[in-house]
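# A closer look at the structure
These are the residues of each chain, in order.
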Amino acid sequence: WEDRLVLYGTRVIFRTGNPINEHDLVKVSAAHARSIIVLSQGDIPPDDADSRAVRQILSLQKIKQNVGYLKGHIVVELQDIDNMPMVQIVGKSDIEVIVSHDLIGRLMLLAARSPWIAPVLTSLMGFEGSEFYLKEWPELVGETFGSLFYRFDAAIPVGVKTALDGAIVINPADEYVVRAGDLVLVLAEDDDSYRPNARKGETPHQYEVPAEELCVEPAMGQEAERMLFCGWRRDMADMIGELDFDVPAGSEVWLFNNVPMHERATKLLDKGNKSPLKLKNLQIKHVVGNSAVRRELLLLEEVSDGMQRDGFRLGQPTGRRVVLKYFTSVLILSDCTKGQHDLDVESSDSRSLATTLAIQDIQQQSMLRMSALGRPVELHPPISEILDIRTASQMHLINQGCQGYVMSNHLVASYLAMVSEDRNMNQIYGQLLSCRGAEVQIRRARDCLRIPPDGAPPLRLSFWSVLRLLRRFGEVAIGYIPHNPPPD
């Protein structure tokens, strides 16, 4: 039983027709739409779905040629990132491309490495709560980006869209000077809830800035990461390539699924459509088995891919065995393959739930044993990809203090709606979800502030003071998570 759709004044009008047919698009006044969303067809192969999207864009471009304009931009959902260049050539400056599979893959990688990232980014990708807004403020021309933190009382400046080339720069240097035509990117509750105050010309020392001694300088070095991927995604190679860019040298990714070893190389190459992975920091390890079965999760045995110079044949055990506590993060992917047959949404989510429960049970048993030995350990909860929003309520019953899941379909729908409303959002979130450039991080307060020991007077700082402290290290604080967050 699905929740009834609740609308706040929006009218939904249904029309029947073929979106590839130019005549049918003219009948629904496509040229006059504020924006147009081209949805991907999910019941056909990815390349066929993307080819169909190209035909829809060509039909819309033909209408533009005949009428002379398209009032709104086109938001195109694709399934394969390799088809993006073809769509951009056809759509030119009229389109914003969203590769849904790639979007979810990148969010899953971020969520696995920092479990609270998922609910934070999910809350930003919607129209409830605080959102990103871009506006031009003539009264701010000539001021530095660092001074903007003193000019907004109800918003947090996070970037600038430059008038020079239209690029959106997230977290620019404090010395950047706002020019005429620049748009200031802020995080605020609503687009009419903020505006610059009248404090222009006042110097920062007139404000209460906390002492520099309260700062804890961020650690520079990174330890090698060990990630476990349970299940298989069609874009597995793209995920691994993206991950390789951001992890330290010597990191490992273990692929645990029921895809036979003789098929994995072909799947990673997408039947020859992708180039072989050239990894600098990551090593790929393979385990064959069913991640939803608890006994197979107790001890993971590596098998050879036949490509390493280790003397082992394809699929032969290498003799290396690890347990779950070996991994720094665990990712449960929406398993779309079971032998040669596709799993439906319900079956896929059922597998994710079973795998999550099994991993959490093993982790809890391990924590109890280590605590009994006087060696408490902190294990990272698994992050699951789920497809059906109804599965979320069941995930809430088994989470361990954080939202241990990413709702793929719901997130893609929210993202499409946001980019339809403001096409700049595609560039903004494209940067935040990428391992290249600015990104959202969650840090414990004790890792960036000198928290007094127990028994000492507590440290009391306003959020603005914390923002100013972190700004000294080139960071922008955009929010906080309570130590004991209330249940959803």
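The notes below deal with the structure included here. (Residues numbered from 1 in each chain as written. Predicted model: local features only at pLDDT ≥ 70, side-chain atom pairs only at ≥ 80, totals over all residues. Heavy atoms only, no water.)

On to the environment of Pro381, then. By secondary structure assignment, the location of Pro381 is in the loop between helix H9 (345-372) and strand S16 (383-386). Separated by 18 residues in sequence, Pro381 and Gln363 have C-alpha atoms that sit 8.3 Å apart. (Helix = DSSP H or I, 4+ residues; strand = E, 2+ residues; numbered from the N terminus.)

The strand order across the open sheet formed by four strands is S4-S7-S5-S6, and the pairing between neighbours is antiparallel. The open sheet has two edge strands, strand S4 (131-135) and strand S6 (168-170), and neither has a second partner. Sheet twist, expressed as the mean angle between neighbouring strand axes with direction ignored, is 35°. Summarising the sheet, S4 and strand S7 (residues 183-188) pair through five bridges and their orientation is antiparallel. (Pairing = 2+ DSSP bridges. Axes fitted to C-alpha atoms, helices over the stretch in contact; angles between N-to-C directions.)

Here we take up the nonpolar core. Formed by 78 residues in total, the largest nonpolar core has its most connected members in Phe132, Phe229, Leu331, Ile428 and Tyr429. Looking at this core element by element, the count peaks at eight residues for helix H4 (residues 100-113). Of all hydrophobic cores here, the second largest spans 19 residues; its members include Val54, Leu60, Leu70 and Ile74. (Core = buried A, V, L, I, M, F, W, Y, C linked by side-chain atoms within 4.5 Å. Buried < 20%, exposed > 50% of the residue type's maximum accessible area, 1.4 Å probe, protein only.)

Once that is clear, we can look at the packing of helix H11 (residues 408-421) against helix H12 (residues 424-432). H12 packs onto H11 with a crossing angle of 130° between their chain directions and a minimal axis gap of 6 Å. In this view, H11 runs oblique relative to H12, as classed from their interaxial angle. Residues Tyr415, Met418 and Val419 of H11 form the contact with H12, whose own contacting residues are Met425, Asn426, Tyr429 and Gly430. (Parallel < 35°, antiparallel > 145°, perpendicular 65-115°, else oblique. Contact = heavy atoms within 4.5 Å.)

With that out of the way, let us pick up H4. For H4, built from 14 residues, the straight-helix expectation of 20 Å at 1.5 Å per residue is met to within 8% by its first-to-last C-alpha distance of 20 Å. Here H4 lies mainly inside the structure; 13 of its 14 residues are buried. (Expected span 1.5 Å × (residues − 1).)

With a phi angle near 55°, Ser29 is a residue other than glycine that sits in the positive phi range. Looking at where Ser29 falls in the secondary structure, it is placed in the loop between helix H1 (22-27) and strand S1 (35-38). Phi angles above zero are rare outside glycine, and Lys92 is one such case at about 55°. Residue position: Lys92 is located in the loop between helix H3 (84-91) and strand S3 (95-99). According to the relative accessible area criterion, Lys92 is exposed, its value standing at 63%.

Listing the buried residues of helix H7 (residues 261-268) in full gives Met261, Arg264 and Leu268. An end-on view of H7 places all buried positions within 30° of arc, on one side of the element. At its buried positions, H7 is contacted by helix H6 (236-246), strand S9 (251-257), strand S10 (282-288) and strand S11 (300-303). Immediately downstream of H7, the backbone of Asp270 shows phi near 55°, a positive value. (Arc of directions from axis to C-beta.)

Bringing the pairing of S16 into the picture now. Residues Ile383 and Glu385 of S16 are buried on one face, and the alternating residues Ser384 and Ile386, pointing to the opposite face, are buried as well. For S16 and strand S17 (residues 405-407), the ladder comprises three bridges, and the chain directions are parallel. Within the sheet, the bridge partner assigned to Ser384 lies in S17 and is Tyr405.

A separate point is the packing of helix H2 (residues 46-67) against H3. Interaxial distance between H2 and H3 falls to 9 Å at its minimum, and their mutual angle equals 10°. On the basis of the axis angle, H2 is roughly parallel to H3. Touching Val54, Ile57, Leu58 and Gln61 of H2 are Met86, Val87, Val90 and Gly91, all from H3. In terms of residue class, the contact of H2 with H3 is built from six nonpolar, two polar and no charged. (Nonpolar A, V, L, I, M, F, W, Y, C, P; charged D, E, K, R; others polar.)

For the rest of this paragraph, the subject is a negative patch on the surface. A contiguous patch of negative charge, built from Glu189, Asp190, Asp191 and Asp192, is present on the exposed surface. Looking at where Asp191 falls in the secondary structure, it is placed in the loop between S7 and strand S8 (226-230). (Patch = residues over 30% accessible without salt bridge, like charges linked within 9 Å, V, L, I, M, F, W, Y side chains within 5 Å. Areas by Shrake-Rupley, 256 points an atom, 1.4 Å probe, with all protein chains shown as cover. Salt bridge = Lys/Arg side-chain N within 4 Å of Asp/Glu carboxyl O. Lys, Arg positive; Asp, Glu negative; His and termini not counted. Charge placed at Lys NZ, Arg CZ, Asp CG, Glu CD.)

What follows concerns the side chain of Gln61. Here Gln61 lies in helix H2. Reaching out from Gln61, the side chain makes a polar contact with the backbone oxygen of Gly91 at a distance of 3.0 Å. In this structure Gln61 touches Val90, Gly91, Lys92 and Asp94, once residues within four positions along its chain are discounted. (Polar contact = N/O pair within 3.5 Å; in protein donor to acceptor, adjacent residues only side chain to side chain.)

With that settled, consider the sheet that holds S1. Sheet strands line up and pair through hydrogen bonds in the backbone, either parallel or antiparallel. Read from one edge to the other, the open sheet built from three strands follows the order S1-S2-S3, with strand pairing classed as parallel. In this open sheet, the two edge strands, each paired with only one partner strand, are S1 and S3. In this sheet, adjacent strand axes meet at a mean angle of 15° when their direction is disregarded. Taken together, the five bridges between strand S2 (residues 73-78) and S3 define a ladder with parallel strand orientation. Residue Ile74 lies in a different strand from S3, and its bridge partner there is Ile95. Set on the sheet, H3 makes contact with S2 and S3; between it and S3 the angle comes to about 165°.

What follows covers the environment of Gly142. Looking at the secondary structure, you find Gly142 in the loop between S4 and strand S5 (155-161). The sequence separation of Gly142 and Tyr176 amounts to 34 residues, and the corresponding C-alpha distance is 9.5 Å. With residues up to four places along the chain from it excluded, the contact list for Gly142 reads Val177 and Val178.

All chains considered together, the criterion is met by four cavities of 30 Å³ or more. A volume near 70 Å³ is recorded for the largest cavity. Taken together, Gln79, Asp80, Ile81, Val99, His101, Asp102, Arg234, Asp235, Asp238, Asp270 and Lys274 make up the lining of the largest cavity. When grouped by side-chain class, the residues that make up the lining of the largest cavity number two nonpolar, two polar and seven charged. (1 Å grid on protein atoms, 1.4 Å probe; cavity = no way out; pocket = protein on both sides within 12 Å on 5 of 7 lines; lining within 4 Å. Points joined across faces, edges and corners; volume = space filled by probe spheres on them.)

Distances and angles like these do not, on their own, reveal function.
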